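Below are the chains, spelled out letter by letter.
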Amino acid sequence: MLSATYDTALVVVSLLVAILASYTALDMAERINTTSSQHSTAARLWLAGGAVAMGVGIWAMHFIGMLAFRLPIALGYDAWITGLSLIIAVAVSGYALWIVSQPDLPLRRLLGSAVLMGIGIAGMHYTGMAAMRMRPGIDYDPLLFLASVAIAIAASAAALWIAFSLRKNTPHVKAARAGASVVMGVAIVGMHYTGMAAANFREGAICMAANEGVGPGWLAVLIIVVTLAVLTIALLTSVLDARLESRTAKLARSLAEANEELTQMVLHDQLTKLPNRTLLEDRLSQAINKAARSSGHFALMFMDLDGFKAINDTLGHHIGDRLLMEVGRRLSNAMRAHDTVARLGGDEFVILVELCKAEDAMAVAEKVVEVVNLPFMVDDHELRVSASVGIAIYPEDGSTRHDLVINADAAMYHTKRSGRNGYNFFEPSMNANAHNQLQWLQDLRVALERGQFRLVYQPKFSLPDGPVLGAEALLRWQHPVRGVVGPDEFIGLAERSGLIIPIGAWVLDEACRQMREWLNLGHTDWKMSVNLSALQFADPHLLNTIRSTLERHQLPPQCLTLEVTESTAMHDTHASLQTLQQIADMGVEISIDDFGTGYSSLLYLKRLPANELKIDRGFVRDLTDGSEDAAIVSAIVALGRTLNLRIVAEGVETEKQQHFLTSVGCDALQGFLLGRPMTPELFLQAVRAQHKSAA
């Protein structure tokens, strides 16, 4: 037999090529696996490219190993047979990559594929050996031949399992893939050199391809260069694609996060993070569909915060916003996970509650009222609000989204009109009331636009001789259908709707205009009294409105008296003192109206920059000597004297009342006995008549 030797350098190169080819195969498996669809064009291209790169790598390792083989005769290789071995290597590689790209790899498939792939690799090897066209032919040792095939099958099984396990891009996968490539490369090289060891060449044998085929010298260089180029290009392409995929994934995540944030913004209230009107409508539709299928019940509750506007106006919007956030958080904690707490805007919240029985809504409503009534601590402020809740039950109070919303809203407004801080279930009569309120509200807006409001003036008389001190401006609405409407019928609605602010500004302007006319007529000792509502008093633009009105009519500030109720002045004493002091600093006089009906602290009353106390008409109405009301009036007069305040009694309708009030020391009287509210023209006529009778 001919004695064979090996070129050590080429043996090392063949091992390195095998390791590089194994790493390329594992990387290609990941590329194919991460492609969005196994049947897409991209997946097919990666499979084809991977088969070529892996096949060229395995085939190159085989031929570099053969080129490392030395015999004492000239050697060469048949080009066509060599090409056939390359085709076999590419086909086997393509099959292997296809197997590991499948969703799963059961043991039966793994073993069957390993056998087929091992035979293919052995076929490539022995086809390559046949490319030398030896005469006589190569003798193969049966045991080593079978051992090489067994090694090829075992190496294929290991390669398939490793490639399948490492095809996903998990943490530390690069290091694991590098280690696995070494194992796979050694196994492939082991198979090759076992197959080479099985080959025996007889004495006198010649290589028929030595003269006709491709020579080994330049073939070694060509194969090494081409193989390294193919594997390098494949790896670079894979790396660049992986980076592109990583950037695409980051972009996709960013888009998903942006989309999620946009969805959050579209469907949730930005302040409280509760569902908004859009999401509530969707959940309400779902609740209707679910309850209709199961003949079930649910409650829709509309809730409005009583007292929120005063807090928001006096302490600032940042405190109001914090309070709304705390209310939303408290309501969410009180409800079950599958119930919905939404905010529609302002201080309006809506609660959607699943019910086993319609009667269960009562317990939920009581719980809502209870948790809202508890004090809130916001920036060292202890804040208290209450809840007005209206409840509509499906399907009793409506089977559509629109009906349920309208009816729950009507029930809520009924609660507010009934005294607030509680709840009411919807009743059909509430719709009529709600419609009536809406019509009144629309008429109020029209009245403001078309100038349907009028002022009448009730005189104030000094004691004991009774000259006129001035007048109190009283608002009337000349309704085109209902006739003259008194303030008791529409002021409450104007306050709830916020229209009291522009209406109050008109009253102040008209009263100052009229007072300017009377000044021009020589009545320089008169004063005009104008009532301020609680909302007007809390309006941050109040001071500017007063100042600009006085300037517009060139009215001396001392000619104007602003009447503020005792409860309004005492609501937030710190803010009230500040506002009243600023009004007093302008020179405008201040009267505390309805005195005796509130809970004034003498400490704060002493600090109020007031000029006048008005005794509430409730004490004057039942006034008799020795009565409890008489004692209260006497005490108020004494208190006013102590604080150097003018005392005005309103609601004087009898001479007996007039006599008592005069005797205890009131400074001025006002009431139907002395003069009813009247137009400016009648007011002047009454004053002239009073002067004539006095003369």
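Overview of the structure. (Residues numbered from 1 in each chain as written. Predicted model: local features only at pLDDT ≥ 70, side-chain atom pairs only at ≥ 80, totals over all residues. Heavy atoms only, no water.)

## Quick look at the side chain of Gln514
Tracing the backbone through its elements, the reader meets Gln514 in helix α16 (residues 500-520). Residue Gln514 is classed as buried on the basis of its relative accessible area, which comes to 3%. For Gln514, the residues in contact, after removing those within four places along its chain, are Tyr457, Met528 and Pro680. (Helix = DSSP H or I, 4+ residues; strand = E, 2+ residues; numbered from the N terminus. Buried < 20%, exposed > 50% of the residue type's maximum accessible area, 1.4 Å probe, protein only. Contact = heavy atoms within 4.5 Å.)

## What about the sheet that holds strand β12 (residues 386-394)?
In spatial order, the strands read β8-β9-β7-β12-β13; together these five strands make up an open sheet with mixed pairing. Of all the strands in the sheet, the pair left with one neighbour each is β8 (340-345) and β13 (422-425). The sheet shows a mean angle of 20° between the axes of neighbouring strands, taken without regard to direction. Taken together, the eight bridges between strand β7 (residues 297-306) and strand β9 (residues 348-355) define a ladder with antiparallel strand orientation. Residue pairing in the sheet places Phe302 in a bridge with Val350 of β9. Packing of helix α12 (residues 360-373) onto the sheet brings it into contact with β7, β9, β12 and β13, and relative to β12 it is tilted by some 160°. (Pairing = 2+ DSSP bridges. Axes fitted to C-alpha atoms, helices over the stretch in contact; angles between N-to-C directions.)

## Things to note about the environment of Ile311
Locating Ile311 in the fold gives a position in helix α10 (residues 308-315). Judged by relative accessible area, Ile311 falls into the buried class, the value being 8%. Measuring from C-alpha to C-alpha, the distance between Ile311 and Arg384 comes to 9.1 Å, with 73 residues separating the pair along the chain. Those residues in contact with Ile311, other than ones at most four positions away along the chain, are Gly316, Ile319, Leu323, Leu383, Arg384 and Val385.

## What to know about the packing of aromatic side chains
In total, this model carries 14 aromatic pairs according to the counting rule given. The interplanar angle of 45° and the centroid separation of 4.9 Å between the aromatic rings of Tyr126 and Phe145 together place this pair among those described as tilted. Taken together, the positions of Tyr126 in helix α4 (residues 107-130) and Phe145 in helix α5 (residues 142-165) put the pair 19 residues apart, joining distant regions of the chain. Accessibility expressed as a relative area gives 13% for Tyr126, which makes it buried. A relative accessible area of 30% means that Phe145 is categorised as partly exposed. Their ring planes at 40° and their centres at 6.0 Å tell us that Phe453 and Phe490 sit as a pair that is tilted. (Phe/Tyr/Trp six-rings, centres within 6.5 Å; stacked < 30°, edge-to-face > 60°.)

## Remarks on the pattern of salt bridges
Throughout the structure, instances matching the rule amount to 22 salt bridges. The shortest N-O distance in the salt bridge between Glu382 and Arg384 comes to 3.6 Å. Of the residues examined, Glu382 reaches a relative accessible area of 51% and is grouped as exposed. Residue Glu650 is joined to Lys614 by a salt bridge in which the shortest nitrogen-to-oxygen separation is 3.4 Å. You can see Glu650 sitting in strand β21 (residues 646-650) and its partner Lys614 sitting in strand β20 (residues 612-615), a full 36 residues away along the chain. The residues Glu650 and Lys614 share a single accessibility class, namely buried. (Salt bridge = Lys/Arg side-chain N within 4 Å of Asp/Glu carboxyl O.)

## A short note on unusual backbone geometry
Backbone torsion omega between Arg135 and Pro136 reads -10°, so that peptide bond is classified as cis. Relative to the elements of secondary structure, Pro136 occurs in the loop between β3 (134-135) and β4 (139-140). In this structure, Pro395 follows Tyr394 across a cis peptide bond, with omega equal to 0°. Position of Pro395 relative to the elements: it lies in the loop between β12 and α13 (401-417). Positive phi outside glycine occurs at Ser295, with the angle close to 55°. Here Ser295 is to be found in the loop between α9 (277-294) and β7. A relative accessible area of 65% means that Ser295 is categorised as exposed. In this structure, Asp380 is a non-glycine residue whose phi angle is positive, near 70°. Assignment of secondary structure puts Asp380 in the loop between β10 (376-378) and β11 (381-383).

## What to know about the pairing of strand β19 (residues 589-595)
Counted residue by residue, β19 has six buried out of seven residues, so it is predominantly covered. Across five bridges, strand β18 (residues 560-565) lies against β19 in parallel orientation. For Glu563, the partnering residue across the bridge sits in β19 and is Ser591. Pairing of β19 with β20 involves three bridges; the strand directions are parallel. When the sheet's bridge partners are listed, Ser591 is paired in β20 with Glu612.

## Some thoughts on helix α11 (residues 317-334)
Taking 1.5 Å per residue as the helical rise, α11 with its 18 residues ought to reach 26 Å, and the 25 Å between its terminal C-alpha atoms agrees with that figure. Residues of α11 that are buried include every one of Ile319, Gly320, Leu323, Leu324, Val327, Gly328, Leu331 and Ala334, and no others. (Expected span 1.5 Å × (residues − 1).)

## Remarks on the layout of surface pockets
Roughly 310 Å³ of volume is contained in the second largest pocket. Lining the second largest pocket we find 17 residues, and of these Ala287, Lys290, Phe298, Val353 and Glu354 sit closest to its centre. Looking at the lining of the second largest pocket, the elements with two or more residues in it are α9, β7 and β9. Grouping the amino acids of the lining of the second largest pocket by side-chain chemistry returns seven nonpolar, six polar and four charged. (1 Å grid on protein atoms, 1.4 Å probe; cavity = no way out; pocket = protein on both sides within 12 Å on 5 of 7 lines; lining within 4 Å. Points joined across faces, edges and corners; volume = space filled by probe spheres on them. Nonpolar A, V, L, I, M, F, W, Y, C, P; charged D, E, K, R; others polar.)

## Describing the pairing of strand β14 (residues 453-462)
Where a strand is regular, its side chains alternate between the two sheet faces. Summarising burial for β14: nine of the ten residues are buried, a large majority. Bridge count for β14 against strand β15 (residues 468-479) is nine bridges, and the pairing is antiparallel. Its bridge partner lying in β15, Val456 is registered against Leu474. Relative to strand β22 (residues 668-670), β14 is paired through two bridges, and the arrangement is antiparallel. Paired with Phe461 across the bridge in β22 is Leu669.

Bear in mind that shape data such as this cannot, by itself, settle questions of function.
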